[in-house]
Amino acid sequence: MAPDEPTTDWYPPPPPPPPAAPPARRLERSRRDRKIAGVCGGLGDYFDIDPVIFRIGFVVLTIAGGSGILLYIAGMIFVPEEGRRRSIGESLPRHGRPLFPVILLGIGFLMLWGQMFDRHGGGFGFGFTLLAIGGFLLWRRSQRHDDWHRDDDLPPAPGDLYPPMWNPPAPDDMYPPRWNPPAPSETTSTSAPATSHPSTPSEFDGLDPFDGKPRDPDPTAAYTTAHEQAFAALPPEPEIWPPLDYQPPALPQRPSMTPVVVSFLFVVGGIAALLSTTNTLDITAGEFLAGALIATGLALVINAVRGGRSRGLIALGILLTIALSIASVAREPLRGGIGQRDWNPATLSQVERPYRLGIGEGDLDLTHLTNLHGKHVIAARIGLGQLKVIVPRDANVIAKGDVGVGQVRLFDQSRDNGNHLTVLDPPAANSDQPTLELHLHVDVGQVEVLRAAA
Amino acid sequence: MPRHEVDHRSLIAGLLFSALGVLFMIDQATDVRIDLQWVWPLFLIGLGVAGLASTTLRRRSGQQIGKD
């Protein structure tokens, strides 16, 4: 080997890189199927469901209370974009002040403020507007400072677990090469002219550089050579000091609890449905979903302590929260039936408590009620549709109506969208006549109360 | 025996979901009606507190490592 060739063959070849682990499936904002930020497309990819379903869900939630916008913006912030390792929300605290949580706090308080002091005014809308603007600005900022993610975008090369922060120079770069006088050679020692002045070390081979006479053989040369050979045969010395950014290897993650929790929920849901069918247990779908959300939250807490992947549980929790939001807005469709209902009670014992209909039109005619004395409370609830109540001509009526989305029309007064309306008719109650107190609710549709014609 | 570090993100998400579940359960199973317009601001505040807490804990643990 030439003396100036790098001595890389002293070291054993690097071990082959470990086989790349199969990429874990994760929730990402889609780049291929996106209308705004790819949240619905990503959800569709993740759950293998048509993204249109998620889009409809977000639109419905947006119309029914506005939570759809909140969820979508949360998805924009918390779900990483396809091909990136970190979401906007994860990146912001690492690259500056925790602006994002502060903004969330501010908006939340603003919205509460609006609720407390301006319930029917624009406070809530103001909070939403701020939220939308804040989310948009954060998103734009992350797009502009794309270099935040740049080192995150590409997957690390195999074996490049700890990128070195400082590469010390090789010893050959720090110190000049040591000149080792070669072992004396009889040929050179005898043939070298004594009078020529050597100009390079090679010309001193075997000669004393001062007097040009043959040198005595180095008694340690043989030992040095043997020592260097033995040293070369040793395996490379392991690094004693870890790199500056060393992190201890993580303990092996325990298997995810998601399959266990989902299976458990299926079993419990099936048992609850059976008991409900046999009238042993009265449990609604909303109550079951709420219980499932509590169980998912507790499983997440356990998972946080025992160590395990939690993404599946978080996705399940978000799904259950969305389902519960829908169930809370449209409560009645999960309980009542579907179609046209004509309720004509003739006595108080025939009055249902309360009247329920899921989807459709319900007509409640109270003009046939007889033997009315004192005050009676009658309630009716419809999920999606119209509720019409006809009251006796002479009765005192306290009508309380509200709709989630739609209109309340009580006698000659009306109100829209989510506002409760209470009307006393006649305004000055006649003490000789019975009083009917009506509690009427429609999730989406119309409530109407009419006085019977003379 | 080495123990897993507590995953603050999962812990906070779990507590948040549990609290939401309790609120929804009260809404669904009792006559008390929880208006969603109150739930979502509380959810946002919880999210913000969670973010602040996790940032603070991460920084504190980083300082501990630096001291050692």
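Residues numbered from 1 in each chain as written. Chains lettered and ligands numbered in written order. Predicted model: local features only at pLDDT ≥ 70, side-chain atom pairs only at ≥ 80, totals over all residues. Heavy atoms only, no water.

## As for the overall build of chain B
Keep this limit in mind: Working definition: helices are DSSP H or I runs of at least four residues, strands are E runs of at least two. Numbering for both runs from the N terminus. Burial status follows relative accessibility: with a 1.4 Å probe on protein chains alone, a residue under 20% of its type maximum counts as buried, one over 50% as exposed, and anything between as partly exposed.
The helix and strand tally for chain B stands at 2 helices and 0 strands. Within the span of chain B, comprising 68 residues, buried residues form 37% of the whole.

## Topic: the overall build of chain A
The criterion, for reference: Contacts were defined at the residue level, with two residues in contact if any of their heavy atoms lie within 4.5 Å. Working definition of accessibility: Shrake-Rupley area with a 1.4 Å probe, residue cover restricted to the visible protein chains.
Summing up its helical and strand segments, chain A has 13 helices and 7 strands in all. Counting only residues that meet the buried cut, chain A has 33% of its 454 residues in that class. In chain A, 61% of the contacts between residues at least 6 apart in sequence involve partners at least 24 apart. Carbon and sulfur atoms make up 62% of the accessible area of chain A, which amounts to about 27,800 Å² in all.

## Quick word on unusual backbone geometry
Residue and element names in this part refer to chain A. P426 follows D425 through a cis peptide bond whose omega is -5°. Along the chain, the position of P426 falls in the loop between strand 6 (421-425) and strand 7 (435-451). Not every positive phi belongs to a glycine, and F411 is a case in point at roughly 55°. Checked against the element boundaries, F411 lands in the loop between strand 4 (396-410) and strand 5 (413-416). According to the relative accessible area criterion, F411 is buried, its value standing at 13%.

## Here's the deal with the nonpolar core
All names here are of chain A. To keep it simple, the criterion reads: Residues belong to a common nonpolar core when they are buried Ala, Val, Leu, Ile, Met, Phe, Trp, Tyr or Cys residues joined through side-chain atoms within 4.5 Å.
Ranked by internal contacts, the top residues of the largest apolar core, which has 29 residues, are L366, I378, V389, L438 and V449. Ignoring anything within four residues of it in the chain, the contact list for V389 reads L364, L366, L438, L440, E448, V449 and L450. Core analysis: the second largest hydrophobic core is formed by 21 residues, L289, L293, A299 and L313 among them.

## Points about helix 1 (residues 39-47) of chain A
All names here are of chain A. Most of helix 1 is tucked away, with 7 of its 9 residues classed as buried. When we look at burial in helix 1, the residues that qualify are V39, C40, G41, G42, L43, G44 and Y46. Where helix 1 terminates, the next one or two residues include D48, which has phi positive at roughly 55°.

## Remarks on the environment of G307(A)
The topology assignment puts G307(A) in the loop between helix 12 (285-306) and helix 13 (311-329). Distance from G307(A) to S256(A), taken between C-alpha atoms, is 9.0 Å for residues 51 residues apart in sequence.

## Some remarks on a nonpolar patch on the surface
Threshold: Patches here are clusters of residues that have more than 30% relative accessible area and form no salt bridge, with a 9 Å joining cutoff for like charges and a 5 Å cutoff for nonpolar side chains (Val, Leu, Ile, Met, Phe, Trp, Tyr). A side-chain nitrogen of Lys or Arg and a carboxyl oxygen of Asp or Glu constitute a salt bridge if their distance falls within 4 Å.
Among the surface-exposed residues, V267(A), I271(A), L275(A) and L281(A) lie close enough to one another that they form a single nonpolar patch of about 320 Å² accessible area. Along the chain, the position of V267(A) falls in helix 11 (residues 258-277).

## Remarks on the confidence of the model for chain B
Do not read the fine detail of predicted coordinates wherever pLDDT is low. So the rule is basically this: The pLDDT value tells you how sure the predictor is about a given residue, anywhere from 0 up to 100.
Confidence in the prediction for chain B averages 72 pLDDT; 68% of positions are at 70 or higher. Scoring of the predicted complex yields 0.40 for pTM and 0.74 for ipTM.

## A word on the environment of F58(A)
Along the chain, F58(A) falls in helix 2 (residues 51-63). Apart from residues lying up to four places away in sequence, F58(A) is in contact with V39(A), C40(A), L43(A), G68(A), L71(A) and Y72(A).

## Section: the packing of helix 12 of chain A against helix 1 (residues 8-29) of chain B
Put simply, the rule is: To obtain each axis, a line is fitted to C-alpha atoms, and for helices this fit is confined to the stretch in contact; angles are then taken between N-to-C directions over 0 to 180 degrees. Throughout, the term roughly parallel applies to angles under 35 degrees, roughly antiparallel to angles over 145, roughly perpendicular to angles from 65 to 115, and oblique to all others. In this scheme, a crossing is called left-handed if the near helix is turned counterclockwise away from the far one by less than a right angle; it is called right-handed if the turn is clockwise. Ten residue types, Ala, Val, Leu, Ile, Met, Phe, Trp, Tyr, Cys and Pro, are classed as nonpolar, four, Asp, Glu, Lys and Arg, as charged, and the remainder, Gly among them, as polar.
Running from N to C, helix 12 of chain A and helix 1 of chain B point in directions that differ by 160°, and their axes come no closer than 7 Å. Considering the angle they form, helix 12 of chain A stands roughly antiparallel to helix 1 of chain B. The handedness of the crossing between helix 12 of chain A and helix 1 of chain B is left-handed. Among the residues making up the contact of helix 12 of chain A with helix 1 of chain B, the classes are represented as 16 nonpolar, 8 polar and 1 charged.

## Quick word on the packing of helix 11 of chain A against helix 12 of chain A
All names here are of chain A. Taken N-terminus to C-terminus, the directions of helix 11 and helix 12 make an angle of 155°; their axes are 11 Å apart at the nearest point. By the angle between their axes, helix 11 is roughly antiparallel relative to helix 12. Considering only the axes of helix 11 and helix 12, their crossing is right-handed. Where helix 11 approaches helix 12, its residues V261, L265, V268 and G269 are matched on the opposing element by F288, A292, A295, T296 and A299. Across the contact of helix 11 with helix 12, the residue classes break down as 7 nonpolar, 2 polar and no charged.

## Some remarks on the pairing of strand 5 of chain A
Residue and element names in this part refer to chain A. Here is the rule we go by: At least two bridges found by DSSP between two strands are what make those strands a pair.
With 4 bridges joining them, strand 4 and strand 5 adopt antiparallel strand pairing. For R409, the partnering residue across the bridge sits in strand 5 and is S414. Between the end of strand 4 and the start of strand 5, which pair antiparallel, lie 2 residues, with F411 showing a positive phi angle near 55°.

## Some words on the side chain of E448(A)
Our working rule: Only four residue types enter the tally: Lys and Arg on the positive side, Asp and Glu on the negative side; His and the chain ends are excluded.
Its location among the elements puts E448(A) in strand 7. In this structure, E448(A) is buried with no salt-bridge partner, the nearest side chain bearing the opposite charge being R409(A) at 4.7 Å.

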